[in-house]
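Listed here are the chains, written in short residue letters.
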Amino acid sequence: MPVTRAIDADSHIYLVDASGYIFRAYHALPPLTRKSDGLPVGAVSGFCNMLWKLLRDMKDNGDAPTHFACIFDKSSKTFRNDLDPRYKANRPPPPEDLVPQFPLVRDAAVAFGTPALEMEGFEADDLIATYARQAEAQGARVTIISSDKDLMQLVSDKIQMLDTMKDKRIGHEQVMEKFGVGPERVVDVQALAGDSVDNVPGVPGIGVKTAAQLINEFGDLEKLLEGAETIKQNKRRENLIEFAHDARLSKQLVTLATDAPTPLGLDELGVEEPNPETLLPFLEKMEFRTITKRVQESLGGAAATNGDASGAAPSTSAAPQIAPFNADAYETVTTIEALEKWADRARLNGYVAVDTETDSLNPVAARLVGVSLATAPNEACYIPLGHQGGDLLGDDTPDQISLDNAISILKPLFEDPAVLKIGQNLKYDISILHPFGVEMSPIDDTMLLSFVTAAGKRGHGMDELSQRYFEHTPIPFKQVAGTGKSQITFDKVPVPDATKYAAEDADVTLRLWQALKPEIVHASAATLYETIERPIIPVVAEMERAGVKVDREFLSRLSGDFAQRMAALEAEAHELAGQNFNLGSPKQIGEILFGELGMPGGKKTKTGAWSTGADTLEDLAAEGHELPRVILNWRMLSKLKSTYTDALSAAADPSTGRVHTSFSLVGAQTGRLSSTDPNLQNIPIRTEEGRKIREAFIAEPGNVLIAADYSQIELRLLAHIAEIDALRDAFKSGLDIHAMTASEMFGDPIEGMDPMVRRRAKAINFGIIYGISAFGLARQLAIPRGEAADYIKAYFEKFPGIKGYMDQAKAFAREKGYVETAFGRRVWVEAINSKKGPERGFAERQAINAPIQGSAADVIKRAMIRMPGALKDAGLQAKMLLQVHDELLFEAPEAEADATIDIVRNVMMKAPLPARDISVPLVVDARAAKTWGQAH
C-alpha cells in the first residue's frame, strides 16, 4: 500500500487518468471475457498491462515515480452541471459489457499497491489538476498519464503528460501544435470552440484554429469579447457579441478545479513495490495468465493455487495444446503449381479454413483482393489476386495468379462435398465468392459455434475468441492499412504484410474451430447449430445480395413534404409561444412551456433543467395543451426525415435502386437477426407518416412484394411454453385473443365489446411478455397507476400459469445462469444474481422474455431455411428479401403471387416441425401488393 513520503524537488509524481484510460483500453483492445464465467475483463486486462508496464519501464529507465495515484470519476454529476445542466447531458451510457469492469479496475489499482482515488462532485481531471498544482508549487515534477486534451491546460515546466498507448510525451510544444496557443490559453480556445461531445456551447462558427488566431490577436478571452465590435467579419462579430455569455460559461466549464478536496494528501501517495501476496491472487482470479507469469518472474511469490505455476486458469477440455503462432511460416502463393499443392493438402485433410480479403466491407460493392487458406496450425497461405502496384507499394504490381486461374482451382475445392470449409462469419465470404459462380459447401462457422454455446455470455468476434482461447491478439487491420485519412484499402497493402495479416486470420480460424467444435456437444447445442444456425448462413447471404428496391423519387417527395410540414409546425409553434425559439432545443422548450407559459406538471431534472421528454409533452398534449402537441409532431417528422427518407435514398445502389442491408447472425442473444447499414427492421408503422415510408419499398416492373408475418406468435409461444390452457384453447378455437382476455379479466361479453376495453387487454397481453410495470402500463393507456396495477393483478389472477412461468424462469436462470428456448437454445443471463437492483431486474426481464422471443426467432429461422427449396420445388421464381422479426418479405412475378403466398404460408405454419411440437396453431397473414406498405 502507499506510504507517506515528503514532497521535495526530487519528487516525481505520477497521476493516472484511470477513468479515461478505461475507455481507451476498452475501445483500443479486443474484447476479452473470463473463461470460467464469461465476465467481461478486456478493459481490466488492458489497465493491468498498462500499469505494470508503466511501473516497470519507469523503473528500468531510472525515472521511477516517488508518488503514484490512479484517479477515477466518482459519478456523472459534478459542480459543472450546476453551472449548465446541458453539460455532458447527451453522452451515451457506457457499453453494457464495460459497466461491470469499472469496480474491477479500481480493484486492480489497489492490487498493484496504488491508491484508487475519486471525489463526489468532481471529475477525475479536477483531482489530477489539484494534485498537479500542489506538487508544482512544492518544486516537484509531475507526469500525467493521459492524452485527454482537457488536461493540456496543466502543462508547464514541471508538469508533462504521457500518452502510454502511443508512447508520446506531451509538453509545451505539443500543446501549441494541438491548440495553436500555449497551455495558459488553452481554456480560452476551448471556450470559443466549444465541445459538442460534452455539450460545451462555445461560439457558433468558431473552431480551434480560428479561436487560436483570435486569442493570439487579442490576448485572452475577455479582451476578445470586450473588443468584439472591432472584428471586421460580420457573422463572426455578431456571434461573438450574441454568444458572449456562452463563451464565458464555456470557460467555466472547461477550466479545471485546482482546489478540489482530496481524499489523501499528496505526501500520502508514496510508492512501494507491489505485494505479490496481494497482486498475484487478483491476477489469478481474473485469469490473466501472461501478466501473472511476468509478475511472478519479476516479484517472485507463491505459485497459483490451482497448481499451474503460470497462474493460468484451467483451459477448457476442448481446447487443444497447439503451437505458438509463427507468421514467418506463412506462404505467399503466386503460382498455379503452388496453389494446386494447397488444394491437394486441403483435400487430404478433409477440411480447410478460408478467409477472403477485399477492398470494402460492403459485400455487394467489394472487390476480391485475395484469399487465405489454413490446413493446420502455422500451415497457412495467402493468395494475392487483386493487389495494385505503384508508389503506395513502393514497387511494381506484385506477382499474382490471374483471377480466372485461381478460381478454376478454388471453385472445385470450395464446392467439394468431401472438404469442410471453415470460416469466421462465412456469410461475408460466401457473398464475395458468389459472383464467380462459387457455391461454398459444406461449411462450419466459428462465430456461430461460439454463439450457440455462449449467447449473452461473451462476444464472438475472432479477436476476442483468439485472446480467450490462445491468449493471442491477431494483427490489427490498422497495422497493415493505417487509420484515418492515411488509411489505404487492402489492395494497396504490400503483399508481404498482407500475407502475415490474412494468413494469420485463417490460422486463427482453424484453431478456433478445433477448440469450439467439440464444445457444442458438451453444451448440448449440436442440434441447434446443425439444424438452424449453420443452414441459415447461405439463406441470409442470398437475402442480402437480393436487396429491396426503393423509389428514390417518392422518398425525395416525402422528404420535401416532411420539410414543409416541419416548417409549418415551426411557424405554428412560434405563434402559440408568442416568440421564436429552436424546436430542437430542449432547454428553450422547457423555459417557454414551464418558465414563461406556466404549464402544469413541470418537473426539473437533477441538473436543474426542465424535463421536456416525450412522456412529459404527451401528458401536456393529453390535457389539451396545443403547443406540446405541435412540438411532438415536429419531432416525429424530424426523426422520420433524417433517419429514413433522407438516409434510405442515400443508401440505395445507384445502378439498381436497391438497398442492401446487412443482417447480423449474432446481433441479438435471443437468436434474432439484426439489421444494419441501413437498419430496415425499425421502420415505424404505428403512425400514418411512418407507414408512408414502407410505401417507398417497391417491386420491380411485372413483380409484386409479398409480406407474410406470424400473427401474435409471441403470445402463442407464451401459451405453449407456460402451458396456459385458457390461452391455448382460445388460439385453437380461433378466438380474438385480446377480446377473450378482456372478457376473462373484466367480465365483458366478447360480442359487442367496447374497443377501448379490448385495447387495454391487448396492451396487457403484449406488455406482460416484456415485464411491463404498472407505471409503464398506466402511461401507455393514459390511466392512473393504481388502476394499471389492478389490471396486472387481475391478469395474473385469471392466468396464474403466467406468474408461475415467470417465477420458474427466474429461478431456473438463477440456478443455471441461462434460460432455454423451446428449441434448446441457451441464452445466458448471468447478471440475474447481481447484487445491483437495476442490473438484476433487467436480467429477470430477460429471463422471462428470452425463451419466448428466442423461440419465435428459432421458428422463423426454420421457415427461412426451408423456404428457398420449397419455392424451387414448386417451380416459383420468388426471392426472399427481408426478415423483420416475425415478418418475411418476398418479391415474386405478379402472375405467381397466389401460388407463392400458398407456399410461403404453408412453410411458415409448419416451421416448428419436426423439431418440437407447438401446442397452439401458428397463423400466418400474407398479402401481395406493389409496395411493402400496401402488402403489410
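Not measured: the values here are computed from a predicted model. (Residues numbered from 1 in each chain as written. Predicted model: local features only at pLDDT ≥ 70, side-chain atom pairs only at ≥ 80, totals over all residues. Heavy atoms only, no water.)

**Q** Quick rundown of the overall build of the chain? Include the residues and the values.
**A** Looking only at helices and strands, the chain features 36 helices and 23 strands. Here the chain has a C-alpha radius of gyration of 31 Å; the compact-globule value for 936 residues is 30 Å, and the two agree. The C-alpha extent of the chain, read off along each of the three principal axes, is 85 × 80 × 60 Å. Looking at the chain as a whole, 51% of its 936 residues qualify as buried. Considering only residue pairs separated by 6 or more positions, the chain has 68% of its internal contacts joining residues 24 or more positions apart. (Helix = DSSP H or I, 4+ residues; strand = E, 2+ residues; numbered from the N terminus. Rg over C-alpha atoms; globule rule 2.2 N^0.38 Å. Buried < 20%, exposed > 50% of the residue type's maximum accessible area, 1.4 Å probe, protein only. Contact = heavy atoms within 4.5 Å.)

**Q** Just give me the short version of the sheet that holds strand S1 (residues 12-17), but keep the residues and values in it.
**A** Taking strand neighbours across the sheet as the criterion, the six strands line up as S3-S2-S1-S4-S5-S6 in an open arrangement whose pairing is mixed. Here the strands that pair on one side only, and so sit at the sheet edges, are strand S3 (116-117) and strand S6 (168-170). Inspection of the sheet shows S1 paired to strand S4 (residues 141-145) by five bridges, in the parallel sense. Directly across from Tyr14, in S4, lies its bridge partner Thr143. Strands in contact with helix H5 (residues 124-137) are S1, strand S2 (67-71), S3, S4 and strand S5 (159-163); relative to S1, the strand with the most contacts, it is inclined by about 170°. (Pairing = 2+ DSSP bridges. Axes fitted to C-alpha atoms, helices over the stretch in contact; angles between N-to-C directions.)

**Q** Tell me about the confidence of the model for the chain, and name the residues and values.
**A** Residues of the chain with pLDDT of at least 70 account for 94%, and the chain-wide mean is 87. In the model, residues 301-321 has pLDDT below 50 throughout and makes 40 contacts with residues more than four positions away in sequence or in other chains. In this model, residues 390-395 is a region of pLDDT below 50 whose contacts with residues beyond four sequence positions or in other chains number nine contacts. (pLDDT = per-residue confidence, 0-100.)

**Q** Quick one: what's the story with the sheet that holds strand S21 (residues 879-884), residue by residue and with numbers?
**A** The strand order S21-S22-S18-S23 describes an open sheet built from four strands, whose pairing is antiparallel. Each edge of the sheet is formed by a strand with only one pairing partner; in this case those strands are S21 and strand S23 (924-929). Taken pair by pair, the neighbouring strands of this sheet meet at an average axis angle of 20°, ignoring direction. In this sheet, strand S22 (residues 887-893) lies alongside S21 in antiparallel orientation, the contact comprising five bridges. Within the sheet, the bridge partner assigned to Leu882 lies in S22 and is Leu889. Relative to the sheet, helix H34 (residues 837-873) contacts strand S18 (703-710), S21 and S22, its axis offset from that of S22 by approximately 15°.

**Q** How would you summarise the packing of helix H12 (residues 276-286) against helix H13 (residues 289-299) if you had to cite specific residues and measurements?
**A** Interaxial distance between H12 and H13 falls to 9 Å at its minimum, and their mutual angle equals 165°. Between H12 and H13, the interaxial angle falls into the category roughly antiparallel. With respect to the hand of their crossing, H12 and H13 are arranged in left-handed fashion. Residues Pro276, Leu279, Leu280, Leu283 and Glu284 of H12 lie in contact with H13, whose contacting residues are Ile291, Thr292, Val295, Gln296 and Leu299. Class assignment of the residues belonging to the contact of H12 with H13 gives a composition of seven nonpolar, two polar and one charged. (Parallel < 35°, antiparallel > 145°, perpendicular 65-115°, else oblique. Left-handed = near helix turned anticlockwise from the far one by under 90°. Nonpolar A, V, L, I, M, F, W, Y, C, P; charged D, E, K, R; others polar.)

**Q** Give me the lowdown on helix H7 (residues 186-193), citing residues and values where you can.
**A** The buried fraction of H7 is high, at seven of eight residues. For H7, the full list of buried residues reads Val186, Val187, Asp188, Val189, Gln190, Ala191 and Leu192. Just beyond H7, the residue with positive phi is Gly194, at close to 70°.

**Q** With reference to specific residues and values, describe the pairing of strand S11 (residues 420-423).
**A** Burial of the side chains of S11 extends over both faces: Leu420 and Ile422 are buried on one face and Lys421 and Gly423 on the other. When strand S8 (residues 351-358) meets S11, the two strands line up parallel, connected through three bridges. Opposite Ala353, over in S11, you have Ile422 as the bridge partner. As a crossover connection, the stretch from S11 through helix H16 (residues 426-433) into strand S12 (residues 443-445) is right-handed. (Right-handed = clockwise from strand over helix to strand, strands pointing away.)

**Q** I'd like to hear about the pattern of salt bridges, residue by residue, with values.
**A** Scanning the entire structure with this criterion turns up 41 salt bridges. Between Asp646 and Lys641 there is a salt bridge whose closest N-O contact spans 3.0 Å. On the accessibility criterion, Asp646 (33% relative accessible area) is partly exposed. With relative accessibility at 22%, the residue Lys641 sits in the partly exposed group. Put simply, Arg814 and Glu844 hold a salt bridge, and the shortest N to O gap is 3.0 Å. Taken as a pair, Arg814 in helix H33 (residues 800-816) and Glu844 in helix H34 lie far apart in primary sequence, 30 residues in all. One connected set of salt bridges, linked through shared partners, spans Asp359, Arg367, Asp491 and Lys492. (Salt bridge = Lys/Arg side-chain N within 4 Å of Asp/Glu carboxyl O.)

**Q** If you had to explain the environment of Glu272 to someone new, which residues and values would you point to?
**A** Tracing the sequence through the fold places Glu272 in the loop between helix H11 (244-254) and H12. Expressed as a C-alpha distance, the spacing of Glu272 and Asn239, which sit 33 residues apart in the sequence, is 54 Å.

**Q** Let's hear about the side chain of Glu689: which residues, and what values?
**A** Of note, Glu689 is situated in helix H26 (residues 688-694). By relative accessible area, which is 12% here, Glu689 ends up buried. In this structure the side chain of Glu689 is engaged in a polar contact, spanning 2.7 Å, whose partner is the side chain of Arg565. (Polar contact = N/O pair within 3.5 Å; in protein donor to acceptor, adjacent residues only side chain to side chain.)

**Q** I'd like to hear about the packing of aromatic side chains, residue by residue, with values.
**A** When we look at a pair of aromatic rings, we describe it by the centre distance and by the angle of the planes. Evaluated as defined, the whole model comprises 18 aromatic pairs. Judged by centre distance (6.4 Å) and plane angle (65°), the ring pair of Tyr21 and Phe47 falls under edge-to-face. On the criterion of sequence distance, the pair formed by Tyr21 in helix H1 (residues 18-28) and Phe47 in helix H2 (residues 42-60) is long-range, its members being 26 residues apart. Neither residue differs from the other here; Tyr21 and Phe47 are each classed as buried. Consider the rings of Phe477 and Phe490, whose centres lie 6.3 Å apart with planes at 20°: the pair is stacked. Highlighted residues: Phe477 in helix H19 (residues 477-481) and Phe490 in the loop between H19 and helix H20 (495-522), separated in sequence by 13 residues. (Phe/Tyr/Trp six-rings, centres within 6.5 Å; stacked < 30°, edge-to-face > 60°.)

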